[in-house]
2 protein chains.
Amino acid sequence: MVRLNEDFLKIKQSYLFVEVAHRVAAYSAAHPQADIIRLGIGDVTLPLGSAVVQALSKAALEMGEQKTFRGYGPEQGYDFLRSAIAAYYQKHGVSLETDEIFVSDGAKSDTGNITDIFSQDNIALISDPTYPVYADTNLMCGRTIRYADANEENGFLPLPDAQTEGDLIYICSPNNPTGAAYTKEQLALWVSWARQHGAVILFDAAYEAFIREDGIPHSIFEIEGAKECAIEFCSLSKTAGFTGTRCGYTIVPKALVVKSSTGEEMSPNRMWNRRQCTKFNGTSYIIQRGAEAAFTEQGMREARANIAYYMENAKTIGDTLAKKQIRFFGGVNSPYIWMKCPGGMDSWAFFDELLNRAQVVGTPGAGFGKNGQNYFRLTSFGTHEATAEAMARFDRLF
Amino acid sequence: MVRLNEDFLKIKQSYLFVEVAHRVAAYSAAHPQADIIRLGIGDVTLPLGSAVVQALSKAALEMGEQKTFRGYGPEQGYDFLRSAIAAYYQKHGVSLETDEIFVSDGAKSDTGNITDIFSQDNIALISDPTYPVYADTNLMCGRTIRYADANEENGFLPLPDAQTEGDLIYICSPNNPTGAAYTKEQLALWVSWARQHGAVILFDAAYEAFIREDGIPHSIFEIEGAKECAIEFCSLSKTAGFTGTRCGYTIVPKALVVKSSTGEEMSPNRMWNRRQCTKFNGTSYIIQRGAEAAFTEQGMREARANIAYYMENAKTIGDTLAKKQIRFFGGVNSPYIWMKCPGGMDSWAFFDELLNRAQVVGTPGAGFGKNGQNYFRLTSFGTHEATAEAMARFDRLF
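Everything numeric in this text was worked out from a predicted model, so none of it was measured.

S.K.: Give a description of the overall build of chain A that names residues and reports values.
M.R.: Helix and strand content of chain A: 11 helices and 15 strands. Taken over the C-alpha trace, chain A has a radius of gyration of 21 Å; the compact-globule value for 398 residues is 21 Å, and the two agree within 12%. Each of the three principal axes of chain A carries a C-alpha extent, and together these read 60 × 55 × 55 Å. When the 398 residues of chain A are sorted by exposure, 57% land in the buried category. Long-range contacts, defined as pairs at least 24 residues apart, comprise 71% of the intrachain contacts of chain A with a sequence gap of at least 6.

This is how it looks when you write it as structure tokens:
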């Protein structure tokens, strides 16, 4: 008699953004004339740059010609893309070998699938509030979770202390949802703690391209010793607008080695390689050519222009909040603004009020954890016009 | 202290095709002038049809325009593609609702990832010989495996009997590597057995488009009652030449319901949906548009023409083997020919002999399981010229 994975019963059926969509749909049905502005979900809105589009088109045509057709590619990604990623890391002073870089269809897949190479009985340490995927993927395989409080007191950047406990340390910096970003010194404390305790840091660098300030690492591997204790996930979704095009990558350093229970040396790099060769068949050749183009000079210039556009929105939002003396985090090295709900309001109540009274949609902080209960996430992925209009309504409302 | 998944120590480090590539590379280095013909790995060689290429190109351009740009798509796939797949199944008399269809980057991912929704303590029943992925993905999560002997006696099509034991029944028909295909009556025996024993059939239909004979089901759901006990994987890799383009799909019927250990009704459809929403972010919009085109009349015509081309190779190979009175299976409803090694030779010995004396590369049956020890897999994915030349050398050799 078959048994299903009953750990699934422990995770909530409804995903945060489903509930948000549900409430917006209900409001929209009741008010068909309403001009609703969405500053909720973290999806990009500007089209792909022309370097990327040209590369995608060219690769699509290549697939239709006998001479240039490509069948199965390497599960780990083509060398042309792995080399382009290695060169990108070199700009931040990080030297990687190409076989430490694994190309995939996106960082969400890798962040979830990486759990395969770890034993069930590790403790996952996840900050609260958090991107829900870290917690859900660990609950799905029956792992114990500890939460590290991220709050106003620590600037939403928890650091290790005597109480810290965990084997798999999830760190997302610049952070989703809070927009807070660790300095090099702060990250070094985590690296040092992980090495002392034999823990592995799972570092999500999805928002690194939004970093504006010096002293904020783009990669955990900018920290001395991180290659002995960390795995990094990144993606072209937010850096080059690939949310619907799908390409990400994961760095598993060969210097990371863990002893088995019988003392055998095990290599997460080789294990992830085996996992990907067994349960994945590589990213589409066409998409990898598009990704390669995103790392060219023209591709980077076009991507930076889009990010600069979004960051103007972040400034518009930040300026309005500052004017209203509403406390907020993020918006400097991140497309996310994490604001305190006015008057200590509950985040879902604030969601409803903002939707009903200003027709603006954001994301309730409670959806990211208990420490988000009185916070609200706004994103800078809208148009300048819509963002300005949303802030004008906000200004009138409070 | 972190613990890695030590079940990985149980799986072989080297993948079958890696060893094949290694021996070919060594031969090639020693004989730089040799004209090596590869009838080994199951990768397509003909380019994508023009319907698909046009759709891919158009979608790539759409991603560069503000009005037609697409960000995150549905994790389950776009409705346009799910509907096209449902219409394709309807041609074989199978009615599916679109929310029973999940689009992905390929059947290998889904076949591996499906293990997430099942408990660790199920027994997987896998035929021997087998596509290595079924076994490796189950070993990786610590599951017990039973093997069902597929041999000359049962025409490489094992059927349930009094000794049969298993909770997850892997069936690949038409089969990789043997090319054997179950009739409707034979599959009905498996469906009936699964329903009686509360087992779930994981049906791999990757080669359904190669079926030439009546009475061979293209889908397990052509069998009465299969929706209550089966999940099906399929892909455009072999049907439309998508091995490097990457698109597959999985059917999880809503009629499949399993009781939890506490008597709660659990739905694999909802669980797979939750799994994909948590660990996957949808297939590239561009690729989904290409896949949609593969299901149009023109797309199907172009795909059928390619398959007909490959099947001529299967005939060339089959005719040669028949002439030499070498026993073989497959090649009728499948691109694979599963031949008995001449003179009862061991499959790796035959591999070396064929490579050394005829410069032809195939796949040793032993790589697929103990019952493959005296068998050898040839594939029909070469050109007509190369296949004919390989068979001429074969003819001279034996």
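Having seen the model, we can carry on.
S.K.: Requested: an account of the relation of the copies chain B and chain A, with residues and values cited.
M.R.: Expressed as a screw transformation, the operator carrying chain B onto chain A has a rotation angle of 180° and an axial translation of 0.0 Å, and the superposed copies differ by an RMSD of 0.0 Å. Taken together, these values place the two copies in the relation of a two-fold axis. Proximity to the rotation axis, assessed at the C-alpha, singles out B:Ser57 in chain B; its C-alpha lies 2.6 Å from the axis.

S.K.: Explain the packing of helix α2 (residues 50-62) of chain A against helix α8 (residues 285-294) of chain A to me, and be specific about the residues and the numbers.
M.R.: All names here are of chain A. α8 packs onto α2 with a crossing angle of 150° between their chain directions and a minimal axis gap of 8 Å. Here α2 is positioned roughly antiparallel relative to α8, judged by the angle of their axes. When you trace α2 past α8, the crossing you get is right-handed. Contact with α2, carried on its side by Ala51, Val52, Gln54, Ala55, Leu56, Lys58, Ala59 and Ala60, involves Tyr285, Ile286, Arg289, Gly290, Glu292, Ala293 and Ala294 of α8 and no other residues of that element. By residue class, the composition of the contact of α2 with α8 is 10 nonpolar, two polar and three charged.

S.K.: Can you lay out the interface of chain B and chain A for me, pointing to particular residues and giving the numbers?
M.R.: Each partner contributes residues to the interface: chain B has 71 residues there, and chain A has 71 residues. Counting residues per element, the ones that place at least two in the side of chain B that touches chain A are α2 (50-62), α4 (107-113), α5 (132-140), α7 (268-279) and α8 (285-294) of chain B. Grouping the constituent residues of the side of chain B that touches chain A by class yields 32 nonpolar, 25 polar and 14 charged.

S.K.: A description of helix α6 (residues 184-197) of chain B should follow, citing residues and the corresponding values.
M.R.: Because the α-helix completes a turn every 3.6 residues, residues three or four places apart line up on one side. Residue and element names in this part refer to chain B. For α6, spanning 14 residues, the distance from its first C-alpha to its last is 20 Å, which sits close to the expected 20 Å at 1.5 Å a residue. Within α6, the full set of buried residues consists of Leu187, Trp190, Val191 and Ala194. Down the axis of α6, the buried set is contained in an arc of 100°. They therefore lie on one face. The outward face of α6, more than 90 degrees from its buried face, is lined by the exposed residues Glu185 and Gln196. On its buried face, α6 sits against β5 (168-172) and β6 (200-204). Count one or two residues on from α6 and you reach Gly198, which has phi positive near 65°.

S.K.: Explain the pairing of strand β12 (residues 336-340) of chain A to me, using residue names and the numbers behind them.
M.R.: Two faces make up the sheet, and in a regular strand the side chains alternate between them. Residues and elements named next belong to chain A. With four of five residues buried, β12 is to be regarded as a mostly interior element. Sheet topology places strand β11 (residues 328-330) next to β12; three bridges connect them, and they run antiparallel. Looking across to β12, one finds that Gly330 is bridged to Ile337. Between β11 and β12, which pair antiparallel one after the other, the connecting turn spans five residues, and Gly331 there sits at a positive phi close to 85°. Relative to strand β15 (residues 375-379), β12 runs antiparallel, the two sharing five bridges.

S.K.: Can you explain the packing of helix α3 (residues 79-90) of chain B against α8(B)? Please cite residues and give values.
M.R.: All names here are of chain B. The geometry of α3 relative to α8 is characterised by a closest axis approach of 9 Å and an angle of 25° between their N-to-C directions. Comparing their axes, α8 and α3 come out roughly parallel. Crossing angle aside, the handedness with which α3 passes α8 is left-handed. Contact residues: Phe80, Leu81 and Ala84 in α3; Gln288, Ala291 and Glu292 in α8. Here the residues of the contact of α3 with α8 are counted per class, giving four nonpolar, one polar and one charged.

S.K.: Which residues make up the sheet that holds strand β4 (residues 144-149) of chain B, and what values go with them?
M.R.: All names here are of chain B. The seven strands are arranged β2-β8-β7-β6-β5-β3-β4 in an open sheet whose pairing can be described as mixed. Both edges of this open sheet fall to β2 (101-104) and β4, since each of them pairs with a single strand only. Strand-to-strand twist of the sheet, defined as the mean angle between neighbouring strand axes without regard to direction, takes the value 20°.

S.K.: Now, about the environment of B:Thr383: what can you tell me, with residues and values included?
M.R.: All names here are of chain B. Note that Thr383 resides in the loop between β15 (375-379) and α11 (384-397). Taking the number of C-beta atoms within 10 Å as the measure of exposure, Thr383 has 14 and is therefore partly exposed. In this structure, the C-alpha to C-alpha distance between Thr383 and Tyr309, residues 74 residues apart in sequence, is 8.5 Å.

S.K.: Can you break down the nonpolar core residue by residue, with the values?
M.R.: Proteins that are soluble and globular tend to have nonpolar side chains buried together. A:Ile201 and B:Ile201 are the most contacted members of the largest nonpolar core, which has 239 residues in total. If we ignore the near neighbours within four places in the chain, the residues touching A:Ile201 are A:Ile169, A:Ile171, A:Trp190, A:Val191, A:Ala194, A:Ile220, A:Cys229 and A:Ala230.

S.K.: Let's hear about the sheet that holds β15(A): which residues, and what values?
M.R.: Overall, antiparallel pairing links the four strands, which are arranged β11-β12-β15-β14 (chain A) in an open sheet. Pairing within the sheet leaves two strands with one partner each, and these edge strands are β11 and β14 (363-364) of chain A.

S.K.: Could you give an account of the domain arrangement of chain A, naming the residues involved and the relevant values?
M.R.: Residues and elements named next belong to chain A. Taken domain by domain, chain A comprises domain 1 (6-47 + 299-397) and domain 2 (52-296). Computed over C-alpha atoms only, the centres of domain 1 and domain 2 are separated by 26 Å. Between domain 1 and domain 2, the contact holds 33 residues from the first and 39 residues from the second. Residue assignment for the side of domain 1 that touches domain 2 shows that the elements contributing at least two residues are α9 (297-323), β11 and β12. No other element matches α9, which puts six residues into the side of domain 1 that touches domain 2.

S.K.: Could you give an account of unusual backbone geometry, naming the residues involved and the relevant values?
M.R.: The general pattern is negative phi for most residues beyond glycine and trans for most peptide bonds. In this structure, B:Pro129 follows B:Asp128 across a cis peptide bond, with omega equal to 5°. Secondary-structure assignment places B:Pro129 in the loop between β3 (123-128) and α5. Cis peptide bonds are those with omega within 30 degrees of zero, and the linkage from B:Ser173 to B:Pro174 qualifies with -10°. Structurally, B:Pro174 is set in the loop between β5 and α6. Even without glycine at this site, A:Gln325 takes up a positive phi of about 50°. Looking at where A:Gln325 falls in the secondary structure, it is placed in the loop between α9 and β11. One non-glycine residue, B:Phe156, lies in the positive phi region at around 60°. The exposure class of B:Phe156 is buried, given the 23 C-beta atoms found within 10 Å.

S.K.: How would you sum up the environment of B:Val94? Please name residues and give values.
M.R.: All names here are of chain B. Among the structural elements, Val94 can be located in the loop between α3 and β2. On the basis of neighbour counts, which here come to 20 C-beta atoms within 10 Å, the residue Val94 falls in the buried class. Note: C-alpha distance between Val94 and Gly71 (23 residues apart in sequence) is 32 Å. Once you skip the residues sitting within four places of it in the chain, Val94 turns out to touch Tyr89, Ser219, Phe221 and Glu222.

Each value, and the rule that gives it
- Residues numbered from 1 in each chain as written.
- Chains lettered and ligands numbered in written order.
- Predicted model: local features only at pLDDT ≥ 70, side-chain atom pairs only at ≥ 80, totals over all residues.
- Helix = DSSP H or I, 4+ residues; strand = E, 2+ residues; numbered from the N terminus.
- Rg over C-alpha atoms; globule rule 2.2 N^0.38 Å.
- Buried ≥ 20, exposed ≤ 12 C-beta atoms within 10 Å, placed from the backbone.
- Contact = placed C-beta atoms within 7 Å.
- Least-squares fit on C-alpha atoms with pLDDT ≥ 70 in both.
- Axes fitted to C-alpha atoms, helices over the stretch in contact; angles between N-to-C directions.
- Parallel < 35°, antiparallel > 145°, perpendicular 65-115°, else oblique.
- Left-handed = near helix turned anticlockwise from the far one by under 90°.
- Nonpolar A, V, L, I, M, F, W, Y, C, P; charged D, E, K, R; others polar.
- Expected span 1.5 Å × (residues − 1).
- Arc of directions from axis to C-beta.
- Pairing = 2+ DSSP bridges.
- Core = buried A, V, L, I, M, F, W, Y, C linked by C-beta atoms within 7 Å.
- Domains from an automatic or database assignment.

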